[in-house]
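# Chains, contacts and geometry: an overview
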Amino acid sequence: MNGGGGSRKAVFGLAAAMAMTAVLAGCTDDAEPSPAIPSAELSAQKEPAKYNPPIELWTVGTTANAPVYAQGDEMNDNEWSRYLRDSLGIIVKKRWEAPNDQLEQKTNLMIASGDIPDFFVATPTQLVQLQRADLIEPLSDVYPQYASVAVKTVIEQAGPEVLEAAKIDGKLMGIPFTGVAKESVPVLWIREDWRRKLDLPQPRTMDDLLLIAEAFTNRDPDGNGSNDTFGLGLDKLLNMAVGFFNGYHAYKGIWIRDSAGQLAYGSIQPEMKKAVGKLREMYRAGQIDADFGIKESAKVYQTLGSGKLGMVFGSISAATLYQQTPDSRWFAYAAPSADSRKTMVQHGLNLNNGFWVVKKGTPNPEAILRMADEFVRMFYANTKDDVYRRYNFDIASKTSIWMQSPVKLYKSYKNAEISAHLEPYLRSGKDPGDGEKALLTPEEREKYVQIKDYSSGKSADWSVIARNGLDGGGTVILEYVKNGQMLPDRYYGPPTKRMVQKQANLSRLEEEVLTKIIMGAPLEDFDKFVDDWRRLGGDEMTKEVNEWAGTK
């Protein structure tokens, strides 16, 4: 496979991608994704030189739940290791692979020993530890010189804070492993058959949402003659309430800027009291499952699967909704606002685990950027089916080959961009011609066929059209971006001293008090919670984060 940009224009050169550029151009400072890369820029990229003699780099990695390696392959001999060796002259070897939930602990033990590989992923806390121990290489000069246009665009789209978070004392100490936090913001999902049966409005305002919740609770939407349905799903950690909170301009668990420009903790603001008070009213009216306080989100979806729930705040994907209720379509809506102000949907620092770091003294530290460029080009920009099957995903064996790549960056809006690229054809009802199909990625072509199959009755699976079809979850994300509705956590530094000491207990206090208020405790308990939060370490944390902000 050729390593040059000219043969892999793909998504970045699509006319539809330029439509995505127009969408993203409407962003405010709260959402700063970059436009897709024009094909001319990619074409101008030089053919990558091959290290000669080859260089050898050691790393560590993660295992996955899905199959990753083809028969006969393993972590040090697979499609990606052979490709990087043959095309770039980079021989990558892994010491070990660990499940993702064990990666941080195992990496901590490795750092404590002082024996680290040439490159690996470090959490924000580990980044500070490594820098203080002088174990990693500064990359301030390496990044601007060696990062390709494609890599820089993916990182810029993740938000300016991800690159700032990688800096210590003004020096860039790691390359952000960008994530999908922006595309994972709350989306409101509603059972369309219930909404239409009861002749209810689409939820354009919070009043509409409350009307739907009341009707789904009291007007027998499932037609069984019993009052046994609920209007809104909540889980015990209130993660499924975040979209509802955001509609009241309340932001759970993140730091925001107050009217004076200072950083303030979102969960203790007056707006949160109002939002929790409204949920308290809904619970008292039977619109929320009486047992939500003991249910994790998986249990809530089981309630949904039993046909007792008609509205939830979820993500861009409708896969779980389809699995639970395959015969009932759910439609996606933007989180409505409780007043004339637009809803800002919150998200955390847009990272996946942390930062790619390079061991101090490692020759050719730029190699991680060259591997990152290959991943971005082959995973996101490739348009060839054979390349897709060999390096991305083998449909026949359901093997996630892309996970073999030793360095990865994730685009912030991959699935939303798929929606944007398919929209012109879905709106017009005209299939793309051969030339237009050639410019779509294999995944986009696959999604288009699946959407058409559902629309023509060949398939009953509505989950793809609910995510990537017209007015699906992807469309909602694009709407948020276009209207400047993304609100990032304003604190993106490593845990402060008081956070390490106090955050866990304060988070438990927050979840306990907010849940009890929703379930009937006096609303005035919120004021006591705020006082307790501040007294038990919150004021000290607030001081620390504002001292940090003063250095930015």
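Scroll up for the structure.
First, a word on what this report is: a plain description of the structure on this page. Along each chain, numbering runs from 1 in the same order as the chain's sequence is written. Local features are withheld for residues below a pLDDT of 70 in this predicted model, meaning they are given only at 70 or higher, and side-chain atom pairs are given and counted only at 80 or more; totals for whole chains, interfaces and linings count all residues. To get the side-chain values, take all heavy atoms of the structure and skip hydrogens and water.

## Notes on the overall build of the protein
- When helices and strands are counted, the protein shows 24 helices and 14 strands.
- As defined in this context, the radius of gyration uses C-alpha atoms, and a globule is described by 2.2 Å times the residue total to the power 0.38. For the protein, whose C-alpha radius of gyration is 24 Å, the value lies close to the compact-globule estimate of 24 Å for 552 residues.
- Counting only C-alpha atoms and orienting by the principal axes, one finds that the protein spans roughly 75 × 60 × 40 Å.
- Think of it in three bands: with a 1.4 Å probe and only protein chains considered, a residue is buried below 20% of the maximum accessible area for its type, exposed above 50%, and partly exposed in between. Scored against the burial criterion, the 552 residues of the protein give a buried share of 54%.
- A total accessible area of about 23500 Å² is found for the protein, and carbon and sulfur atoms account for 49% of it.
- A gap of 1 Å separates the mean positions of the 66 positive and 73 negative side-chain charges of the protein. By definition, any uninterrupted DSSP run of H or I lasting at least four residues is a helix, any uninterrupted run of E lasting at least two residues is a strand, and each is numbered from the N terminus. Here the open area of atoms and residues is found with the Shrake-Rupley method and a 1.4 Å probe, where only the protein chains shown may cover a residue. By the counting rule applied here, Lys and Arg register as positive and Asp and Glu as negative, while His and the ends of each chain are not counted. By convention, the charge on Lys lies at NZ, on Arg at CZ, on Asp at CG and on Glu at CD.

## Points about the pairing of strand E2 (residues 90-98)
- In this analysis, strands are considered paired if DSSP registers two or more bridges between them. Pairing of strand E1 (residues 55-62) with E2, which is carried by seven bridges, proceeds in the parallel orientation. Looking at the pairing, Thr59 lines up with Lys94 of E2.

## So, the nonpolar core
- Among the nonpolar cores identified, the biggest contains 157 residues, and Phe244, Phe245, Leu279 and Ile477 are the most heavily contacted of them.
- In terms of residues, this core owes the most to one element, helix H16 (residues 367-381), which gives 10 residues.
- Here, two residues are considered to be in contact whenever any of their heavy atoms come within 4.5 Å of each other. With residues up to four places along the chain from it excluded, the contact list for Ile477 reads Glu183, Val185, Val187, Ile316, Tyr413, Ala416 and Met486.
- In terms of nonpolar packing, the next biggest core, distinct from the first, is built from five residues, Tyr251, Ile254, Met344 and Leu487 among them. The nonpolar core is taken to be a set of buried Ala, Val, Leu, Ile, Met, Phe, Trp, Tyr and Cys residues, with the residues joined through side-chain atoms within 4.5 Å.

## Some remarks on the packing of helix H8 (residues 149-157) against H16
- Axis angles are defined between N-to-C directions and span 0 to 180 degrees, where every axis is a line fitted to C-alpha atoms and, for a helix, only to the segment in contact. Interhelical geometry of H8 versus H16 gives an angle of 80° and a closest axis separation of 8 Å. With respect to H16, the axis of H8 lies roughly perpendicular. Contacts between H8 and H16 involve Ala150, Val151 and Val154 from the first element and Leu369, Ala372, Asp373 and Val376 from the second.
- For the contact of H8 with H16, the residue count by class is six nonpolar, no polar and one charged. The cut-offs work like this: below 35 degrees is roughly parallel, past 145 is roughly antiparallel, 65 to 115 is roughly perpendicular, and the gaps in between are oblique. Throughout this entry, Asp, Glu, Lys and Arg are counted as charged residues, while Ala, Val, Leu, Ile, Met, Phe, Trp, Tyr, Cys and Pro are counted as nonpolar. The remaining residues, Gly among them, count as polar.

## Re the sheet that holds strand E10 (residues 311-314)
- Strand order in this open sheet of three strands is E10-E7-E11, and the pairing throughout is antiparallel. What marks the edges here is a single partner per strand, and that holds for E10 and strand E11 (330-333). Strand-to-strand twist of the sheet, defined as the mean angle between neighbouring strand axes without regard to direction, takes the value 30°.
- Looking at chain direction, strand E7 (residues 187-191) and E11 are connected through four bridges and run antiparallel. Within E11, the residue paired with Trp189 across the bridge is Ala332.

## Details of the pattern of salt bridges
- Salt bridge criterion: a side-chain nitrogen from Lys or Arg within 4 Å of a carboxyl oxygen from Asp or Glu. Evaluation of the coordinates by the stated rule reveals 31 salt bridges.
- Measuring nitrogen to oxygen at the nearest pair gives 3.0 Å for the salt bridge that ties Arg390 to Glu79. Taken together, the residues Arg390 in helix H17 (residues 385-392) and Glu79 in helix H4 (residues 79-88) connect sequence positions 311 residues apart.
- By relative accessible area, Glu79 is classed as buried at 18%.
- Asp289 is paired through a salt bridge with Lys295; the nearest N and O atoms lie 2.6 Å apart.
- Within the structure, one salt-bridge network assembled from shared partners comprises Asp73, Asp77, Glu79, Arg82 and Arg390.

## Focus on helix H11 (residues 206-218)
- Between the first and last residue of a helix there are one fewer steps than residues, each counted as 1.5 Å, and that sum is the expected span. A rise of 1.5 Å per residue sets the reference length of H11, with its 13 residues, at 18 Å; its end C-alpha atoms lie 18 Å apart and thus fit the reference within 8%.
- Those residues of H11 that fall on the buried side of the exposure criterion are Met206, Asp208, Leu209, Leu210, Ile212, Ala213, Ala215, Phe216 and Thr217.
- Packed against the buried residues of H11 are E7, helix H10 (192-197), helix H12 (242-247), helix H13 (270-284) and E10.
- Taken from the residues just after H11, Asp220 is the one with a positive phi, measuring 50°.

## Things to note about H16
- Counted at 1.5 Å a residue, the expected span for H16 with its 15 residues is 21 Å, and the 20 Å between its end C-alpha atoms agrees.
- Burial within H16 is extensive, with 15 of its 15 residues counted as buried.

## Quick look at the side chain of Thr325
- Position of Thr325 among the secondary structure elements: in the loop between helix H15 (319-324) and E11.
- Every residue in contact with Thr325, bar those within four places of it in the chain, is listed here: Leu304, Gly305, Trp330 and Trp462.

## Some remarks on the sheet that holds strand E3 (residues 119-122)
- Reading across from one edge, E3-E13-E6 is the order of the three strands in this open sheet, with antiparallel pairing throughout. Here the strands that pair on one side only, and so sit at the sheet edges, are E3 and strand E6 (175-178). This sheet shows a mean twist of 30° between the axes of neighbouring strands, independent of strand direction.
- In this sheet, strand E13 (residues 351-358) lies alongside E3 in antiparallel orientation, the contact comprising four bridges. If you follow Phe119 over to E13, its bridge partner there is Val358.

## What to know about the side chain of His249
- Within the secondary structure, His249 is located in the loop between H12 and strand E8 (255-257).
- Taking the relative accessible area as the measure of exposure, His249 reaches 7% and is therefore buried.

## Focus: the environment of Lys197
- By the secondary structure assignment, Lys197 is in helix H10.
- For the pair formed by Lys197 and Ser340, sequence separation is 143 residues and the distance between their alpha carbons is 29 Å.
- In contact with Lys197, other than residues within four places in its own chain, are Asp220, Pro221, Asp222 and Gly223.
- Here the side chain of Lys197 touches Pro221 through a polar contact of 3.1 Å, landing on its backbone oxygen. Nitrogen and oxygen atoms within 3.5 Å of one another constitute a polar contact, given that in protein one can donate a hydrogen and the other can accept it, and given that sequence-neighbouring residues count only through two side-chain atoms.

## Concerning the environment of Asp235
- Checked against the element boundaries, Asp235 lands in the loop between H11 and H12.
- Here Asp235 falls in the buried class, since its relative accessible area comes to 3%.
- A sequence separation of 18 residues divides Asp235 from Gly253, and the C-alpha atoms of the two residues are 16 Å apart.
- Ignoring anything within four residues of it in the chain, the contact list for Asp235 reads Met240, Phe292, Lys295, Glu296, Ser297 and Val300.
- A polar contact is formed between the side chain of Asp235 and the backbone nitrogen of Asn239, at a distance of 3.0 Å.

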